[in-house]
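# A closer look at the structure
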Amino acid sequence: MKIDNIGAIAVDLDGTIVALPQENGEYTWIYDLCAQYGVPCEDAREAYDRAKGCGFGSRTMILELARMEYLRSGHQQLMFRQAFHAWVRDALIVFDDAREAIAQWMREGIPVYVVTTGDRQFQQFKLELAGISVPSGHVLTVLRDEYKTDEVEELASRHPGTIVVVDDKASVLDLIRDANIPASLETIQIVRHDGKYASQEARHDHLVVTALTDIQISTKGAAA
Ligand SMILES: [Mg+2]
């Protein structure tokens, strides 16, 4: 596909640029890691669910576990943090098409933003591991998927032209469409093999791609 008159592109991170291995839709590695610190699986699951609500990452996971009386000492927390990051460093899957497409868009002078749900530090860490660097201020981290809509609206107010939004969750793209943002929008779902949300049914019509390199965009025709 070719989209001209681009104002900016907002690209999701998890499941779009990078992914962590999952089993039956669950990040069991987190529970395995917690088990090494004496946290039973059900408590690890509860901590994970709570951490997700306040931006998942090692920081929020440690906060939740400490609140549940695990990882009591600073030393244990440090060890957990290091083990968590070491695991992510080894296991992170980086999609080559994402790296290639983002580099290409940036070479063409297109404002590229990463709009992602999670803990700011953790999301930055994964982007660094992926070898992707967007300009400072272009990584927009939100605590809940619902808040991505606000970020897209903000981008639309600052960048005349079409705002392209790419996400692996149809639900996120649907919410953005629901918001009736007063701007030209193009919502694109990236469907990856074994993607955690690949089977989500969209309520709105979104373009669908299987690689970010399939998205051909240019600023040609964009208002100054
Ligand atoms: Mg995602």
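Look a little higher up for the structure.
Viewed as axis vectors pointing N to C, helix α2 (residues 41–53) and helix α3 (residues 58–67) meet at an angle of 130°, and their least axial separation amounts to 8 Å. Comparing the axis directions of α2 and α3 gives the class oblique. Crossing of α2 against α3: the hand is right-handed. Facing α2, whose interface residues are Ala47, Tyr48, Arg50 and Ala51, α3 presents Thr60, Met61, Glu64 and Leu65.

Moving on: the sheet that holds strand β9 (residues 207–209). One open sheet accounts for six strands, arranged β6-β5-β2-β7-β8-β9; its pairing is parallel. The open sheet terminates on both sides in strands that have one partner only, identified here as β6 (139–142) and β9. Averaged over all neighbouring strand pairs, the angle between strand axes comes to 25°, with direction disregarded. Summarising the sheet, strand β5 (residues 112–117) and β6 pair through four bridges and their orientation is parallel. Bridged to Val114 within β6 is Val139. Of the strands in this sheet, β7 (162–167) and β8 (185–190) touch helix α8 (residues 170–178), which is tilted by about 170° from β8.

Rules used in this analysis
- Residues numbered from 1 in each chain as written.
- Predicted model: local features only at pLDDT ≥ 70, side-chain atom pairs only at ≥ 80, totals over all residues.
- Axes fitted to C-alpha atoms, helices over the stretch in contact; angles between N-to-C directions.
- Helix = DSSP H or I, 4+ residues; strand = E, 2+ residues; numbered from the N terminus.
- Parallel < 35°, antiparallel > 145°, perpendicular 65-115°, else oblique.
- Left-handed = near helix turned anticlockwise from the far one by under 90°.
- Contact = placed C-beta atoms within 7 Å.
- Pairing = 2+ DSSP bridges.

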